[in-house]
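Residue strings, one per chain:
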Amino acid sequence: MAAPAPRRTEWEAPRTEEPGIDPYAVQRRIRRERAKRRSRIEHRRAQRFAGLRFLFLIGVLIFLTLFISLTVWEKVGTLFGI
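This section reports on the structure supplied with the text. None of the values given here were measured: they were computed from a predicted structure.

## Thoughts on the overall build of the chain
Helix and strand content of the chain: one helix and zero strands. Scored against the burial criterion, the 82 residues of the chain give a buried share of 1%. Of the roughly 8,800 Å² of accessible surface on the chain, a fraction of 64% belongs to carbon and sulfur atoms.

Here is the structure:
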């Protein structure tokens, strides 16, 4: 069986060791925030272009549908003499 952990008595003051200060923490934080901002901007730009691509594709599909239907209508008209 393991020995119980030593208990701190009330008269013992807790040790307050200050952690070492990381000299590069500020630069890392700045880099991380800039990367997050850049990512947010790129995401917005990608969403905008996705919307434009969608509208362009819908326009092309409507054009092709009209072109094919008019072509078929003309061929049926000449075939049956309508």
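Having seen the structure, we can now continue with the description.
## Side note on the environment of Thr78
Along the chain, Thr78 falls in helix α1 (residues 25-80). A polar contact is formed between the side chain of Thr78 and the backbone oxygen of Lys75, at a distance of 3.0 Å.

## Observations regarding the packing of aromatic side chains
Where two aromatic rings form a pair, the distance of their centres and the angle of their planes describe that pair. The tally for this structure, following the rule as stated, stands at one aromatic pair. Note on Phe63 and Phe67: the rings are 6.4 Å apart at their centroids and 20 degrees apart in plane angle, and the pair reads as stacked. Of the two residues, Phe63 and Phe67 both sit in helix α1, four residues apart, roughly one turn of that helix. There is no split in this pair, since Phe63 and Phe67 are both exposed.

Thresholds, definitions, all that
- Residues numbered from 1 in each chain as written.
- Predicted model: local features only at pLDDT ≥ 70, side-chain atom pairs only at ≥ 80, totals over all residues.
- Heavy atoms only, no water.
- Helix = DSSP H or I, 4+ residues; strand = E, 2+ residues; numbered from the N terminus.
- Buried < 20%, exposed > 50% of the residue type's maximum accessible area, 1.4 Å probe, protein only.
- Areas by Shrake-Rupley, 256 points an atom, 1.4 Å probe, with all protein chains shown as cover.
- Polar contact = N/O pair within 3.5 Å; in protein donor to acceptor, adjacent residues only side chain to side chain.
- Phe/Tyr/Trp six-rings, centres within 6.5 Å; stacked < 30°, edge-to-face > 60°.

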